[in-house]
Amino acid sequence: MTSKVDEALGYEQARDELIDVVRRLEAGGTTLEESLALWERGEELAKVCRRWLEGARARLDAALAEEESQEKDTGPGPE
């Protein structure tokens, strides 16, 4: 479950922190416990990013549907 702090993260913040987590995991040199903590943090950050992207997709879909609906109501535009 994500924390209230994670929910307040913007997409770019979560993405940048996720990139840092991945770099640290790939670099190695951490204990098993540290690696697990980094992995768990990465999973949470990925969820935050996914929610932002799903929200953006929903907004785009709604805007496109509204535009399509308006075009049907008014007919083709001037040529």
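Here the structure is a predicted model, which is why all the values come from computation and not from measurement.

Along the protein, the regular secondary structure elements total three helices and zero strands. Going residue by residue from the N terminus, the α and β elements of the protein occur as α-α-α. Within the protein, buried positions represent 15% of all 79 residues. Restricting to contacts in the protein with at least 6 residues of sequence separation, those with at least 24 account for 75%.

Further remarks concern the pattern of salt bridges. The tally for this structure, following the rule as stated, stands at four salt bridges. Residues Asp-16 and Arg-15 are paired through a salt bridge, measuring 3.1 Å at the closest nitrogen-oxygen approach. Among the residues examined, Asp-16 registers a relative accessible area of 42% and is labelled partly exposed. By relative accessible area, Arg-15 is classed as partly exposed at 32%.

Helix α3 (residues 32-74) packs onto helix α2 (residues 11-27) with a crossing angle of 150 degrees between their chain directions and a minimal axis gap of 9 Å. Considering their axes alone, α2 and α3 lie roughly antiparallel with respect to each other. In terms of crossing hand, the pair formed by α2 and α3 is left-handed. Every residue of α3 that contacts α2 at Tyr-11, Ala-14, Arg-15, Glu-17, Leu-18, Val-21, Arg-24 and Leu-25 is listed here: Ser-35, Leu-38, Trp-39, Arg-41, Gly-42, Leu-45, Ala-46, Val-48, Cys-49, Trp-52 and Leu-53.

Before going further, it helps to examine α2. Across its 17 residues, α2 extends 24 Å between first and last C-alpha, which sits within 8% of the 24 Å expected from 1.5 Å per residue. Once α2 ends, the next one or two residues include Gly-28, with phi positive near 75 degrees.

Bringing the nonpolar core into the picture now. Grouped together as the largest cluster of nonpolar side chains are seven residues: Leu-9, Ala-14, Val-21, Leu-38, Leu-45, Val-48 and Cys-49. Listing elements by their share of this core, those giving two or more residues are α2 and α3. With four residues, α3 is the largest single contributor of residues to this core. If we skip the residues at most four places from it in the chain, Val-21 touches Leu-38, Arg-41, Gly-42 and Leu-45.

With that out of the way, let us pick up the confidence of the model for the protein. Looking at the protein as a whole, its pLDDT mean stands at 90, while 85% of the residues score no less than 70. Summarising per-element confidence for the protein, the mean pLDDT is lowest in helix α1 (residues 4-8) (72) and highest in α2 (97).

Reading the values: rules and limits
- Throughout, residues of each chain are indexed from 1 in the direction in which the sequence is written.
- Local features in this predicted model are restricted to residues whose pLDDT is 70 or higher, and side-chain atom pairs enter the listing and the counts only when it is 80 or higher, whereas totals over whole chains, interfaces and linings include all residues.
- Only heavy atoms go into the side-chain values, all of them from the structure, while hydrogens and water stay out.
- Here a helix means four or more residues in a row that DSSP labels H or I, a strand means two or more in a row labelled E, and each is numbered from the N terminus.
- Here the term buried applies to any residue with accessible area under 20% of the maximum for its type, exposed to any over 50%, and partly exposed to those in between, with areas from a 1.4 Å probe on protein chains only.
- Two residues qualify as a contact provided that any one of their heavy atoms is within 4.5 Å of a heavy atom in the partner residue.
- Just to be clear on terms, a salt bridge is a Lys or Arg side-chain nitrogen sitting within 4 Å of an Asp or Glu carboxyl oxygen.
- Axis definition: a line fitted to C-alpha atoms, over the contacting stretch in the case of helices. Angles run 0 to 180 degrees between N-to-C directions.
- For classification, angles of less than 35 degrees are called roughly parallel, those exceeding 145 degrees roughly antiparallel, those between 65 and 115 degrees roughly perpendicular, and all remaining angles oblique.
- A crossing counts as left-handed when the near helix is turned anticlockwise from the far one by less than a right angle, and as right-handed when that turn is clockwise.
- Between the first and last residue of a helix there are one fewer steps than residues, each counted as 1.5 Å, and that sum is the expected span.
- Definition of nonpolar core: a set of buried residues of the types Ala, Val, Leu, Ile, Met, Phe, Trp, Tyr and Cys, connected through side-chain atoms within 4.5 Å.
- On a range of 0 to 100, pLDDT expresses the predictor's confidence in each residue.

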